[in-house]
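# Residue-level structural notes
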Amino acid sequence: MNRWLRNLLLALLLSGAAGCATTNGGDPRDPLEGFNRAMYSFNDGFDQAIGRPVATLYRDALTEPIRIWIRNVFANIADLWIGANNLLQGKPKDAVVDWARFAFNSTFGVFGLNDIASDMGLEKHDEDFGQTFGRWGAGDGAYVVWPFLGSSNVRDTVGLVFDIGLDPVLLHEPVRVRNVMTVLRATSRRADLLDASRILEEAALDKYVFQRDAYMQRRRSLIHDGNPPREPRLIGADDQPRAQRGAPPADETPSAAAAPVSQPSPPALDAALQLLEQPAASAPATRGG
Amino acid sequence: MVPIFARFATIAATAVLVLTGGAQAQEMAPDVLVKNVTLEVVDILQKDKDIQKGDRKKVIALIETKVLPHFNFQAMTASAVGRNWNKANAEQKARLTEEFKTLLVRTYSSALASYSNQKFDFRPLRAKPSDTDVTVNVRVLQTGTQPVTIDYDMEKRPGGWKAWDVRVAGISLVANYRTEFDNQVREAGIDGLIKTLQTKNHSLEHSSVAGADRK
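Residues numbered from 1 in each chain as written. Chains lettered and ligands numbered in written order. Predicted model: local features only at pLDDT ≥ 70, side-chain atom pairs only at ≥ 80, totals over all residues. Heavy atoms only, no water.

### Description of the nonpolar core
It is characteristic of soluble globular proteins that their nonpolar side chains tend to be buried jointly. All names here are of chain B. Note the threshold: Within this scheme, the nonpolar core is defined by two criteria: the residues are buried Ala, Val, Leu, Ile, Met, Phe, Trp, Tyr or Cys, and they are joined through side-chain atoms within 4.5 Å. Think of it in three bands: residues with accessible area under 20% of the maximum for their type are buried, residues over 50% are exposed, and the middle band is partly exposed, with areas taken using a 1.4 Å probe on protein chains only. Only DSSP runs of H or I with at least four residues qualify as helices, and only runs of E with at least two residues qualify as strands; both kinds are numbered from the N terminus onward. Note on definitions: a residue-residue contact is assigned when non-hydrogen atoms from the two residues lie within 4.5 Å.
Phe71, Leu96, Tyr152, Met154, Tyr177 and Phe181 are the most contacted members of the largest nonpolar core, which has 60 residues in total. By residue number, the principal contributor to this core is helix H7 (residues 173-207), which donates nine residues. Once you skip the residues sitting within four places of it in the chain, leucine 96 turns out to touch Thr77, Val81, Trp85, Ile190, Leu193, Ile194 and Leu197.

### A few points about the interface of chain B and chain A
Spelled out, the test is: A 1.4 Å probe defines the accessible area here, and the buried area is the portion of it lost by two parts on being joined, summed over both. Here a salt bridge means any side-chain nitrogen of Lys or Arg lying within 4 Å of a carboxyl oxygen belonging to Asp or Glu.
Chain B puts 50 residues into the contact, and the matching count from chain A is 45 residues. Summing both sides of the interface, chain B and chain A together bury roughly 4000 Å²; the carbon and sulfur share of this comes to 48%. Area buried by chain B at its contact with chain A is led by Gln146, Asn176 and Glu180 of chain B, which between them contribute 15% of it. At the junction of chain B and chain A, the tally comes to two salt bridges.

### As for a nonpolar patch on the surface
Residues and elements named next belong to chain A. The criterion, for reference: The patch calculation keeps residues exceeding 30% relative accessible area without a salt bridge and links them within 9 Å when they carry like charges or within 5 Å when they are nonpolar (Val, Leu, Ile, Met, Phe, Trp, Tyr). Only the protein chains shown count as covering a residue, and every accessible area follows the Shrake-Rupley method with a 1.4 Å probe.
A surface patch of nonpolar side chains, amounting to about 520 Å² of accessible area, comprises Phe46, Ile50, Val54, Phe148, Leu149 and Ile164. At three residues, helix H2 (residues 33-61) tops the list of elements feeding residues into the nonpolar patch. According to the relative accessible area criterion, isoleucine 50 is partly exposed, its value standing at 42%.

### Considering unusual backbone geometry
Residues and elements named next belong to chain A. Along the chain, glutamate 173 connects to proline 174 via a cis peptide bond; the corresponding omega equals -5 degrees. Summarising the element assignment, proline 174 is placed in the loop between helix H7 (154-165) and helix H8 (175-192). One non-glycine residue, phenylalanine 148, lies in positive phi territory at about 70 degrees. On the secondary structure map, phenylalanine 148 appears in the loop between strand S1 (143-146) and strand S2 (150-153). Here the phi dihedral of aspartate 225 falls at roughly 50 degrees; this positive angle occurs in a residue that is not glycine. Take aspartate 225: it is sitting in the loop between helix H10 (207-223) and helix H11 (267-287). With a relative accessible area of 33%, aspartate 225 lands in the partly exposed category.

Structural data, given as structure tokens:
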């Protein structure tokens, strides 16, 4: 185990050096770009070696109905905390829907194998603690890529601590069942993304940047439940910049989502986020290359 | 004699189709337009045997005839290039638009190829009849997952309503290219960006759809 860790660290350091070399310009939302690129290439390597092959095997080995059952079971378990997060975000109606979904799917849907709640018009939501903190006014903080977990930011990392710490699957006993469930869930999720990752590969000029920006946009959309405030249009259909109509300059608009929201946030959370933001702020100085 | 007549008839028929199509589009409300085009394309996807066997060339042709006329690619490109757009001359603008269009069509064809009978929920348009810039919301429903939203930002143009951005699950295609394009222009100028896009399109043409693609 120790040896494995040392090798992993070595690999990260090596790819970190490569990451530094390709770092250009510097996005204010991504002060840890060198580190993040290293993590990204580590994750990408892991995905190519293990993630994608296993997910492809899974997709080819199991018929679609079985894969849907597996997806549904984990989606059903997730509805518990989705409901709690909706409640924390001040959306009791949505929370009731989530818990009703859990109740119906766990019973009439047979342990969550069938998503009968959706057929009944009880729509599934997507919530987590990162979104809840965002709803409370916490800004994104620096963008971070974690090994195995992938794209995140300071706020969503704090959220992940709660998501993972309270995850019913990870808390399940005995450990053997928990391990099988965890791997199965990860495989099922990766298999669902096989098409998307192929499209990403085709669409992106720089996969790292493309995925990073997509993550930021996606989170912003999720925090606002799919209806984020519309960003001002930079350029009209007549190709003329619309800056003179009062829109901010082109290079400032995209980062509007990343800038800390000026709403008040709970002091404890604020302090926690500030603590996490410290290393992020000092990182560019030490990055050097 | 007959072939010439046949060809003329085809051209005439095409012209009529284009004309009526144009006239219809002009009157059609943006949400109705999105719904009609989506359902028409999905219908073809489900029925066409070649497409189901993985014929990408045919998917691209489908997009070019059915979907492209309703997009304003010049506006999409301008928005993706952002603040550097006005540094480009007319020829560079035209080439950027062409290359970006090719890349988007290819990405879109890849997305369509993975379509598997999902259901659509066309949301009622929340806009005043006098609005000329609207967002049309469509949701793709799938069991066990949250519905995926597709938002079309559309603007009323002389030829009918045209989309100038598409947001899938909240991710704007146009905005997502902005940083990448910005980096490219900073490193190698407008021509560098054009070159990168050309190389990208070229490599895609030769890797993913080797042989089965248009010339």
